[in-house]
Amino acid sequence: MAEGELAREKQEVERLRGLLIARDRELGEALGRLAELEARSGRLTGLAKKLLGGLRRS
Amino acid sequence: MSSPRFSIVTPVYETPAPVLRAMLRSVRRQTFADWELCLVDDASTAPHVAALLERAERRDPRIRVQRRETNGGIVAASNDALAMARGEFVALLDHDDKLHPEALELVAAALEAEPEADYAYTDEDKIDARGLVHSGPFCKPDWSPERLRTQMYTCHLSVLRRSLVEEVGGFDAEFEGSQDWDLVLKVTERARKVVHVPRVLYHWRALETSTAGRGVEAKPWAFEAGRRAIQAHCERIGLQAEVERDEGRPGVYHLRPALTREPKISILIPTNGQRREVRYRQVTLVENCVRSIVESSSYGNYEIVCVADASTEPGVLANLEAIAGDRLRTVPYEDAFNFAAKINLGAANAEGELLLLLNDDIEVITPDWLERMAMYAQHPEIGAVGAQLIWEDGRVQHAGVQFEGGLPGHPMRGFTRGFKGYANNTHLAQNLLAVTGACLMTSAAAFQRVGGLPTELPVNYNDVDYCLKLGAAGLRVVYDPDTLLYHFESSSRSSEVADWEKEYLLRNWRQETARDPVSHPYLAQQMPRLRAHLGWAVRKPRLRR
């Protein structure tokens, strides 16, 4: 295989790796936000349930 | 007249009449009676101020008023009020704020329970200009000297032993705007004990002119004064650091290492030469780790002690030598896997004054990571320092260890790095009961003092047990969010902990971990519970007649 072709292939491998890493970062950002929001909404749901329960009892 | 338990110290200047009345009323309505209120009018020109203060003085003999001839500013007026104080403790109350009716009663009870306490602080919230709407309850952690160096988190209500306040010279005009922070830093440097009352007992009025209302815009100079106060404090206590303001987060500060000496650090890395995919490339983890240390660290004086299983391929060891050269020392390990035993073996072969426990699936991000950790670990009162660890995709893997039901967990695991947490707590250096052993610095002296890592715990909790032993020996554990490293632990890895390991921890440390000093009864998942929002309305139940 010609040297030039090998270099181009290596370059392409690096480009694809870069794409995957960037995609992982984006996914990580989304997963992280999701985890934060889920924790928050879980907390708010619990709070709302407590309030509703209190109102029903009264 | 015998001296009261509390002298409430309040400088007054041009306070609107309803606000001043509300402040006075909140003091008069205290359920604890043994107080005096030392008011200093800093030459207010509004006639209602003198009239209201005079009337309050006539109405209650515990209220004493002085008037300054000229306006001297907050520090001068506060010092005049301090000079009037005769109480055992001084409570700081701003002229536009309010105390919860049970504030002094609950602080008195806490001080009674801890006779050596020289400083007490409570939780707080904010009230609007009319004092009707309560918001932003701040449920604080227990005493954390490291956090006080990065945020004035104790703030209101602060109650200080008067003899210590006098010893340190009262409020210092050099730090005007952050004079209370400076005073608390100075007093706590000498305090035998500090207590936290976990109840919202102070209501900070958010006015256009106050920091509670407009933040940094209201008093920009106060934030710079805060930085100088911490800097002076670091110099007094021998913490080799330069203090920086966090421009994006007003009220948050960071310590940058300014080491005057570089003690030798021994980086202990247990390994078996495992290979794994990192960033879509198969790597030998320990080689990747050591390469990142050698290529990224700005610290000069360190050695790397690799404790390698007998099964480690000779090629790996040869590669490590090629990467780290003279810095590397390899210690063979022959027995069955035991992280604690491997670390202890590494420590026995280490020359450093400081030891750094490091997993082989770590990669350095911040070049000054060793300086940062050494800045803390060198301090004689600090036993261990931990770092923030993130996964390959940028999410948080470790931001300290917190306990729930006596067992440790990783709060904020899986969250984004930018998550500010509660009251910016993810961005603040602070004291915790434990940090992960995946990256932990400790002094060799402390390591020896507590007998190293427990070999009875070969896999889990040996780091936690080590930190708890340090705590029992009176040493603090620090989490530093500004020390950042990758941890290539799989995010889907199940944290399998055997029942016997849990039982071991509970059997030995139940008392210490039953209530984590960082967690708060009014907080759940980084958010204030309903009880925190209603803290201002909570009164102790009265017996019906």
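Residues numbered from 1 in each chain as written. Chains lettered and ligands numbered in written order. Predicted model: local features only at pLDDT ≥ 70, side-chain atom pairs only at ≥ 80, totals over all residues.

Looking at the domain arrangement of chain B
All names here are of chain B.
Working step 1: You can read the domains of chain B as domain 1 (6-254) and domain 2 (265-538).
Working step 2: Taking only C-alpha atoms, the centre of domain 1 and the centre of domain 2 are 38 Å apart.
Working step 3: With 27 residues of domain 1 at the interface, the matching set in domain 2 holds 23 residues.
Working step 4: Of all the elements in the fold, those that place two or more residues in the side of domain 1 that touches domain 2 are β6 (117-127), β7 (134-138), α5 (145-148) and β9 (193-205). (Domains from an automatic or database assignment. Contact = placed C-beta atoms within 7 Å. Helix = DSSP H or I, 4+ residues; strand = E, 2+ residues; numbered from the N terminus.)

Considering the nonpolar core
Working step 1: By size, the foremost hydrophobic cluster in this structure holds 166 residues, and its most contacted members are A91(B), I267(B), L268(B), L356(B), M373(B) and C467(B).
Working step 2: In this view, A91(B) contacts F6(B), I8(B), V9(B), L157(B) and V159(B); residues no more than four positions away in its chain are not counted. (Core = buried A, V, L, I, M, F, W, Y, C linked by C-beta atoms within 7 Å. Buried ≥ 20, exposed ≤ 12 C-beta atoms within 10 Å, placed from the backbone.)

A few points about helix α2 (residues 47-59) of chain B
For the α-helix, the turn length of 3.6 residues means that residues three or four positions removed from each other point alike.
Residue and element names in this part refer to chain B.
Working step 1: Its 13 residues give α2 an end-to-end C-alpha distance of 19 Å, which sits within 8% of 18 Å, the value for a rise of 1.5 Å per residue.
Working step 2: Buried residues of α2: V49, L52, L53 and A56, and no others. Seen along its axis, α2 keeps its buried residues to an arc of 95 degrees; they face one direction. Looking at α2, the residues exposed on the side facing more than 90 degrees away from the buried face are P47, A51 and R58.
Working step 3: Close packing links the buried residues of α2 with β1 (6-12), α1 (17-28), β2 (35-41) and β3 (63-67). (Expected span 1.5 Å × (residues − 1). Arc of directions from axis to C-beta.)

A look at the interface of chain A and chain B
Working step 1: Every contact between the two is made by 18 residues of chain A and, on the other side, 15 residues of chain B.
Working step 2: Residues of the side of chain A that touches chain B, tallied by class, amount to seven nonpolar, two polar and nine charged. (Nonpolar A, V, L, I, M, F, W, Y, C, P; charged D, E, K, R; others polar.)

Some points on the pairing of strand β25 (residues 476-487) of chain B
Residues and elements named next belong to chain B.
Working step 1: For β25, the buried fraction is high: ten of the twelve residues fall into the buried class.
Working step 2: With eight bridges connecting them, strand β19 (residues 382-390) and β25 associate as parallel partners. Bridge pairing links Q388 to L484 in β25.
Working step 3: Bridge analysis of strand β23 (residues 430-432) against β25 gives three bridges, and the strand direction is antiparallel. Residue pairing for β25: N431 is matched across the bridge by V478. (Pairing = 2+ DSSP bridges.)

Considerations on the environment of G346(B)
Residues and elements named next belong to chain B.
Working step 1: Relative to the assigned elements, G346 resides in helix α12 (residues 339-348).
Working step 2: Judged by local crowding, G346 falls into the buried class, with 24 C-beta atoms found within 10 Å.
Working step 3: Measuring from C-alpha to C-alpha, the distance between G346 and P270 comes to 8.0 Å, with 76 residues separating the pair along the chain.
Working step 4: In this structure G346 touches L268, P270, V305, V307 and V331, once residues within four positions along its chain are discounted.

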